[in-house]
Protein chains: 2
Amino acid sequence: MSSLLVTNIGQLVSWDADQPIREKAAVVLEGGRVAWVGSSAVTPLADERIDVDGATVVPGFVDSHTHLVFGGDRAEEFEARLAGKPYAAGGIRTTVAATRAMPTPQLRVRATRLAAEALHSGTTTLEIKSGYGLTVADELRSLEVAATLTAHRTFLGAHVVPEGSDAASYLQLVKGPMLDAVAGVASAIDAFCEEGAFDESQCREVLAAGAARGLAVHVHANQLRPGPGAQLAASLGALSADHCTHVTDDDITALRDAGVVAVLVPAAEFSTRSAYAPARALADSGVTVALATDCNPGTSFTTSMGFVIALACRELGLSPLEALRAATTGGAAALGQSDLGHLRVGAHGDLLVLDAPSYVHLAYRPGVDLVRHVIRRGEVVR
Amino acid sequence: MSSLLVTNIGQLVSWDADQPIREKAAVVLEGGRVAWVGSSAVTPLADERIDVDGATVVPGFVDSHTHLVFGGDRAEEFEARLAGKPYAAGGIRTTVAATRAMPTPQLRVRATRLAAEALHSGTTTLEIKSGYGLTVADELRSLEVAATLTAHRTFLGAHVVPEGSDAASYLQLVKGPMLDAVAGVASAIDAFCEEGAFDESQCREVLAAGAARGLAVHVHANQLRPGPGAQLAASLGALSADHCTHVTDDDITALRDAGVVAVLVPAAEFSTRSAYAPARALADSGVTVALATDCNPGTSFTTSMGFVIALACRELGLSPLEALRAATTGGAAALGQSDLGHLRVGAHGDLLVLDAPSYVHLAYRPGVDLVRHVIRRGEVVR
């Protein structure tokens, strides 16, 4: 089991309980995990050694909400939106048609390329949802493509009702044969609880069926207007309620009391020209906040967690420290994984060497690629 | 004189008058200039050949407003601003102190690194201002550092009144000995017309003195509140009025009638949490709009024109086409240079090969590095 010493770290963000940020630090990775954290004045034995010359080291980003497997793009819809046309959930059907029409190898090449782009920009853990197939075969192959890229695969058959179907019979399909087909490949289930997608009782049915098969639960909640999504997530004990753009004080209380993570996706609000989620109210009331890209061709075609952090500081009122926490441990909480998103001993050896004197530069230098190196599971991948 | 054929271009944005965007195109660069533009079905002779495999090609970005030569950073001020402290012009003095204290080789290394970062992200032409020296020697060495990086060097002695000086005697210095010292190195002059910096008559004096020495004129105008800057720029026949965040309808009319370019810097408005400039009103009334980064440690620490384009679409109401035009020919107009920012025959051979099927992706994929190759003056530099 080979070990790697990363030393001469100017600023280390480890999220250690006693010392979340330390200066002049070093880290040893072994067997893909953090084996030791200490001062760079100490030189523990290791097989290999990287001197980062005073750079900043932070945990790799955990992007807990993406839709990376799809055909086509929606640049025209994006342009129309800039010209004033509002976003509606129905646009998803455009991508469903393009995804169904695309051969699997091409779907895989495209998703792999986006995953590589995400990794290059610092995302060491990625969640991927299905939801552009909406047939048994197309949902299954979407999740199988996702399975080549990540352990975090979410079945989102309940994304929209596909063209030519009615809601009732489509839901029977989703919670019956479709769930049967994907249950061995997916690790979680999600549903889009929104006008134009699915209502509360429909989502509850689907999500309960998934939970009964041992899948973790996420909910697309309160994206386009106030609604029952957040409270549904709370009542189901979901891992996360995602979007939360239009949550009320009662929704926030329910999320906090149920320990549901609020996954905020400001890049989607940027792209759809929506108002931004009330992150300050969520954080101040004690809800765990995660940041994610929501990477998808309709409402947020970015893989950049750095961009999301900068937006979160400008538009969500998070401090750079809160934003980085939300992009790392927050994301890990949304995936229900406690050994990710931090650099305490035992955590996955996922870290970023930043070309900056402080993590603050992630927000201070928007649009700039500050990632000098990416280490994932103890391996240098950039 | 070696020539380079760039062919198999899927979409070429040349800003040709008859055909600003064409498909299946090719370009020949020779002697650092565009020598031929045509169909990729034709194969003109050239010494070297690059097949870009259907990628999009656009002119290199022209960033017409930066402050790249400085010491220190202002990450703490940035964090304080996120916590609610408003931006004020006085923060400039922090950077003045750090710049004066920094040896010239280190200033040069830092500026060179930022210029390289800008080039890597697609900026093939860069303007650099002084204004963090504010002594004869420090302004001169700032412009000498800029001279190692660009032909577009702007003397901004009238940035703020330095600590320990009074405005009247400092202005005598700026338009006298300081202007004498820098006139051979600078190509343009600028002044910060704003409460807390210089008033209209002070700016007019300094700018007129520079114009009398043959320097082109720019004005930092109407950044923090309404004021006389834009009208001053118009009355002086300046190349550009920069910022224009708080311009009135009368200001807009004056800019248009005088042919002054409005250089908009939305990344500064992003960083200072300011309102955004009325770009739509400016463009609709016929003012030439340029987009620039305003890269500086106080209010906009980004070199990314891609980020600026994405912001301009989200926040300024520009279409992706208008934003790209403003980031290329708009910038060239702000620098008074007609052979830049487009790819018509005779233009500088500055172009970007984008990893995207259309220039629209520059706005559609915010935060993502879409630049696959950068060609500057006919040479492949990335």
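Worth saying up front: this structure is predicted, and the values here are computed from it rather than measured.

Structural notes on the domain arrangement of chain A
Residues and elements named next belong to chain A.
Right, on to step 1. The domain boundaries assigned to chain A delineate domain 1 (3-59 + 342-380) and domain 2 (62-334).
Right, on to step 2. Taking only C-alpha atoms into account, the centre of domain 1 sits 30 Å from that of domain 2.
Right, on to step 3. Contacts between domain 1 and domain 2 engage 20 residues on the former and 16 residues on the latter.
Right, on to step 4. Around 1500 Å² of area is buried between domain 1 and domain 2 when both sides are counted, 73% of it from carbon and sulfur atoms.
Right, on to step 5. Counting across the domain 1 and domain 2 interface gives 0 salt bridges.
Right, on to step 6. Across the domain 1-domain 2 interface, the total number found is 1 residue pair in polar contact (both at pLDDT 80 or more).
Right, on to step 7. Among the elements of the structure, strand E5 (56-59), helix H13 (361-364) and strand E15 (371-376) are those that each provide at least two residues to the side of domain 1 that touches domain 2.
Right, on to step 8. The element best represented in the side of domain 1 that touches domain 2 is E15, accounting for 4 residues.
Right, on to step 9. By residue class, the composition of the side of domain 1 that touches domain 2 is 15 nonpolar, 1 polar and 4 charged.

Observations regarding the packing of aromatic side chains
Right, on to step 1. Taken as a whole and assessed by the stated rule, the structure comprises 13 aromatic pairs over all chains.
Right, on to step 2. Seen from their ring centres, Phe307(A) and Phe307(B) are 6.4 Å apart, and the 75 degrees between their planes marks the pair as edge-to-face. Here the residue Phe307(A) occupies a position in helix H11 (residues 305-315), and Phe307(B) occupies one in helix H11 (residues 305-315), the pair thus bridging two chains.
Right, on to step 3. The exposure class assigned to Phe307(A) is buried, which follows from its relative accessible area of 3%.
Right, on to step 4. One aromatic cluster is present, formed by Phe70(A), Phe78(A), Tyr132(A), Phe301(A) and Tyr364(B) through successive ring pairs.
Right, on to step 5. For the cation-ring pair, Arg365(A) lies above Phe301(B), with the distance from its terminal atom to the ring centre recorded as 3.9 Å.

Regarding the pairing of strand E15 (residues 371-376) of chain B
Residues and elements named next belong to chain B.
Right, on to step 1. Relative to E15, strand E14 (residues 351-354) is paired through 4 bridges, and the arrangement is antiparallel. Bridged to Leu351 within E15 is Ile375.
Right, on to step 2. Where E15 meets strand E16 (residues 379-380), 2 bridges bridge the pair, whose relative direction is antiparallel. Bridging across to E16, Ile375 finds its partner in Val380.
Right, on to step 3. In textbook terms, the turn of a hairpin is the stretch between consecutive antiparallel strands, and for E15 and E16 this stretch comprises 2 residues, one of which, Arg377, has a positive phi near 50 degrees.

Quick notes on helix H12 (residues 320-334) of chain B
Residue and element names in this part refer to chain B.
Right, on to step 1. In this model H12 runs 20 Å from its N-terminal to its C-terminal C-alpha over 15 residues, within 8% of the 21 Å that 1.5 Å per residue would give.
Right, on to step 2. A maximum bend of about 40 degrees is found in H12 at Ala326.
Right, on to step 3. All of the buried residues in H12 are Pro320, Ala323, Leu324, Ala326, Ala327, Thr328, Gly330, Gly331, Ala332 and Ala334.

Calculation rules
- Residues numbered from 1 in each chain as written.
- Chains lettered and ligands numbered in written order.
- Predicted model: local features only at pLDDT ≥ 70, side-chain atom pairs only at ≥ 80, totals over all residues.
- Heavy atoms only, no water.
- Domains from an automatic or database assignment.
- Contact = heavy atoms within 4.5 Å.
- Buried area = accessible area lost by both parts, 1.4 Å probe.
- Salt bridge = Lys/Arg side-chain N within 4 Å of Asp/Glu carboxyl O.
- Polar contact = N/O pair within 3.5 Å; in protein donor to acceptor, adjacent residues only side chain to side chain.
- Helix = DSSP H or I, 4+ residues; strand = E, 2+ residues; numbered from the N terminus.
- Nonpolar A, V, L, I, M, F, W, Y, C, P; charged D, E, K, R; others polar.
- Phe/Tyr/Trp six-rings, centres within 6.5 Å; stacked < 30°, edge-to-face > 60°.
- Buried < 20%, exposed > 50% of the residue type's maximum accessible area, 1.4 Å probe, protein only.
- Lys NZ or Arg CZ within 6 Å of the ring centre and 35° of its normal.
- Pairing = 2+ DSSP bridges.
- Expected span 1.5 Å × (residues − 1).
- Bend = angle between axes of the 7 residues up to and from the residue.

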